[in-house]
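# Residue-level structural notes
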Amino acid sequence: MLPLLQRLGWQLHDAGIAAPVIHGGEPCRRASLDAARQRGDLRALLPRSYDNAQRERVYRDLLDDPATLCAYAFQLGEATRRAAARLQDNRGYRFSALQLGWIGFGPRGARAQGWQRFRSFGRGYAPVASNAAALEAFYSGHVRSECGVGRQVAQLATQRELYGDAGFDREFAPGELSIGTFLTLHDTPSILLGANAGEFFADGKAVRTSRLGRQAFMGVPGFIEHVFDKRHLDDINNQAENFVIVDVSAEAAEALARHGGLAHYDALNRRLWELSRQMPVHHGRYFERLLHERDPALRDALPEAQRPLLAQMDALLADPVYRGMMLYVHPKGVRPLGYHVARLLDRNPRTPYSIDLALHNLHTTLFRRWLQAQLRDCAARTAYIDQRGGTWNWA
């Protein structure tokens, strides 16, 4: 257990004390593990007199400490960013409109790219053999899906990056990595929404997550969804956007904590939509260019009477959450929340949008499974070293 705790960032020292002194601190609020350690987080003092059994008990307590979950979140965030970058860089991974099927593997077919179908019309696939090889199809193959599957793939790819290919193949059964419609996943062993998902963390408006701090958002899935009913949709393929959170700036985290989560931003989204309805009717990427790209020619061409409206919209979008909450959305890649809000004003101008975190098990079941896998690896290494009669350098 000690090597795992040290790898997670815990600094343990012996001292002439009678009982352990634990200071987990607030690593979830820090920018990095190095920053957390510099601020004195993740520190523990153990009595110098403790024997191995007593130390093991302390180590187990540290694995259950809330600060350990935050230390894991640093690794989870790095894995999420690696996965999102790989998915974003694959020009062969494209978007399919919902009516064309949820997943398409092109002329080569699913099996040639490591997947087998278990539901018709592209609604359900699971890896054929190697989990890592199956995910590679989305990193470098020619695949189509809508953004809901894009979110699932990003979540699974994060686990691949977290475990490494060998661990990803060893620790998960193929059925646990099923992809398809969200309803389909409920009838599978899926680790995302199926029988093996275990304990969910429900925090739709990010009230608890915001209190924890910026690292608690890493890798968390969510969705941006229309508020008014489908009669108000002009583009059914953009009725919602499914995302995975890739990063949250310090300023964005502070704003979320100050406002108590995402409900505040639903109200801002509503105000932005109300202001957009007072602007001249345009088509194409008008608000995306005006508000996100800040196209100088478009801004200069705005009638004088409309400029106060633009100033209000700019002021709302200057909030650090719109600029500093970075989302991976297939097929748009990694972009700030404000980009999506502006874009959806173009796609479905007759409805505002709300933002929610989805049910997830990153901090519950998947965290515990990762810990157990790391402990098994540590035990296997120790046994190997003991057999060889050598020593192991854990640095």
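Relevant structure appears above.
To start, this report covers the structure provided alongside it. (Residues numbered from 1 in each chain as written. Predicted model: local features only at pLDDT ≥ 70, side-chain atom pairs only at ≥ 80, totals over all residues. Heavy atoms only, no water.)

This paragraph deals with the overall build of the chain. The secondary structure content of the chain amounts to 16 helices and 14 strands. Compactness check: the chain gives a C-alpha radius of gyration of 23 Å against a globular reference of 21 Å for 395 residues, within 12% of the reference. Considered along the principal axes of its C-alpha atoms, the chain spans approximately 75 × 50 × 30 Å. Within the chain, the fraction of its 395 residues that count as buried is 54%. Considering only contacts in the chain between residues 6 or more positions apart, those separated by 24 or more positions represent 72%. Only carbon and sulfur atoms are counted for the fraction: they give 51% of the accessible area of the chain, which is about 18000 Å². (Helix = DSSP H or I, 4+ residues; strand = E, 2+ residues; numbered from the N terminus. Rg over C-alpha atoms; globule rule 2.2 N^0.38 Å. Buried < 20%, exposed > 50% of the residue type's maximum accessible area, 1.4 Å probe, protein only. Contact = heavy atoms within 4.5 Å. Areas by Shrake-Rupley, 256 points an atom, 1.4 Å probe, with all protein chains shown as cover.)

Interaxial distance between helix 10 (residues 263–276) and helix 13 (residues 307–317) falls to 10 Å at its minimum, and their mutual angle equals 160°. If you check the angle between helix 10 and helix 13, you find them roughly antiparallel. Crossing angle aside, the handedness with which helix 10 passes helix 13 is left-handed. Note on element contacts: helix 13 touches helix 10 through Leu309, Gln312, Met313, Leu316 and Leu317, opposite Leu268, Arg271, Leu272, Leu275 and Ser276. Class assignment for the residues of the contact of helix 10 with helix 13 results in 7 nonpolar, 2 polar and 1 charged. (Axes fitted to C-alpha atoms, helices over the stretch in contact; angles between N-to-C directions. Parallel < 35°, antiparallel > 145°, perpendicular 65-115°, else oblique. Left-handed = near helix turned anticlockwise from the far one by under 90°. Nonpolar A, V, L, I, M, F, W, Y, C, P; charged D, E, K, R; others polar.)

Quick look at the sheet that holds strand 8 (residues 143–145) now. The mixed open sheet is built from 3 strands, whose spatial order is 4-8-5. Two strands in the sheet have a free side with no partner beyond their single neighbour: strand 4 (93–95) and strand 5 (103–104). Relative to strand 8, strand 5 runs antiparallel, the two being bridged by 2 bridges. Pairing of isoleucine 103 across the sheet is with serine 145, part of strand 8. Its contacts with the sheet put helix 6 (residues 147–171) on strand 4, strand 5 and strand 8, and the angle it makes with strand 4 is roughly 145°. (Pairing = 2+ DSSP bridges.)

In the structure shown here, the tally under the stated rule is 12 aromatic pairs. For the pair tyrosine 72 and phenylalanine 367, a centre-to-centre distance of 4.6 Å together with 45° between the ring planes defines the contact as tilted. One end of the pair, tyrosine 72, is in helix 4 (residues 66–89); the other, phenylalanine 367, is in helix 16 (residues 365–388), with 295 residues separating them in the sequence. Like tyrosine 72, the residue phenylalanine 367 is buried in the burial classification. Here the aromatic rings of phenylalanine 105 and tyrosine 125 are separated by 4.9 Å at their centres, their planes lie at 70°, and the arrangement is edge-to-face. Here the residue phenylalanine 105 occupies a position in the loop between strand 5 and strand 6 (115–119), and tyrosine 125 occupies one in strand 7 (residues 124–127), the gap between them amounting to 20 residues. This pair shows no difference in class: phenylalanine 105 is buried, exactly as tyrosine 125 is. Here a set of aromatic residues connected by ring pairs shows up, and it is made of Tyr93, Phe105, Trp115, Tyr125 and Phe138. (Phe/Tyr/Trp six-rings, centres within 6.5 Å; stacked < 30°, edge-to-face > 60°.)

Applying the stated criterion across every chain, the model contains 26 salt bridges. With a closest N to O distance of 2.5 Å, arginine 343 and glutamate 241 form a salt bridge. Here glutamate 241 lies in strand 11 (residues 240–248) and arginine 343 lies in helix 15 (residues 337–347), a separation of 102 residues in the sequence. For the pair formed by arginine 343 and glutamate 241, the shared burial category is buried. As a salt-bridge pair, arginine 285 and glutamate 288 come within 3.2 Å of each other at their nearest N and O atoms. The class of arginine 285 is partly exposed, set by a relative accessible area of 38%. For glutamate 288, a relative accessible area of 8% puts it in the buried group. Linked by salt bridges that have partners in common, Arg86, Glu136, Arg160 and Asp165 make up one network. (Salt bridge = Lys/Arg side-chain N within 4 Å of Asp/Glu carboxyl O.)

Before going further, it helps to spend a moment on the state of the cysteines. Here the structure, examined in full by the defined rule, presents 1 disulfide. Two residues share a disulfide in this structure: cysteine 28 and cysteine 70, whose sulfurs sit 2.1 Å from each other. Where cysteine 28 bonds to cysteine 70 through sulfur, the torsion about that S-S bond is close to -105°, and the disulfide is left-handed. Of the two residues, cysteine 28 is situated in the loop between strand 2 (21–23) and helix 2 (33–38) and cysteine 70 in helix 4; the sequence distance between them amounts to 42 residues. A single burial state applies to cysteine 28 and to cysteine 70, both of which are buried. (Disulfide = S-S within 2.5 Å.)

Further remarks concern the packing of helix 5 (residues 131–140) against helix 6. Running from amino to carboxyl end, helix 5 crosses helix 6 at an angle of 135°, the nearest separation of the two axes being 9 Å. In terms of orientation, helix 5 lies oblique with respect to helix 6. Judged by the twist between their axes, the crossing of helix 5 over helix 6 is left-handed. Along its contact with helix 5, which presents Asn131, Ala132, Leu135, Glu136, Phe138 and Tyr139, the element helix 6 presents Val153, Leu156, Ala157, Arg160, Glu161, Asp165, Phe168 and Asp169. Its residues assigned to classes, the contact of helix 5 with helix 6 comprises 8 nonpolar, 1 polar and 5 charged.

Before going further, it helps to spend a moment on the environment of leucine 4. Relative to the assigned elements, leucine 4 resides in helix 1 (residues 2–8). Taking the C-alpha atoms as reference, leucine 4 lies 33 Å from valine 329; in sequence the two are 325 residues apart. Leaving out residues up to four positions away in the same chain, leucine 4 has contacts with Leu63, Trp370, Leu371, Gln374, Leu375 and Cys378.

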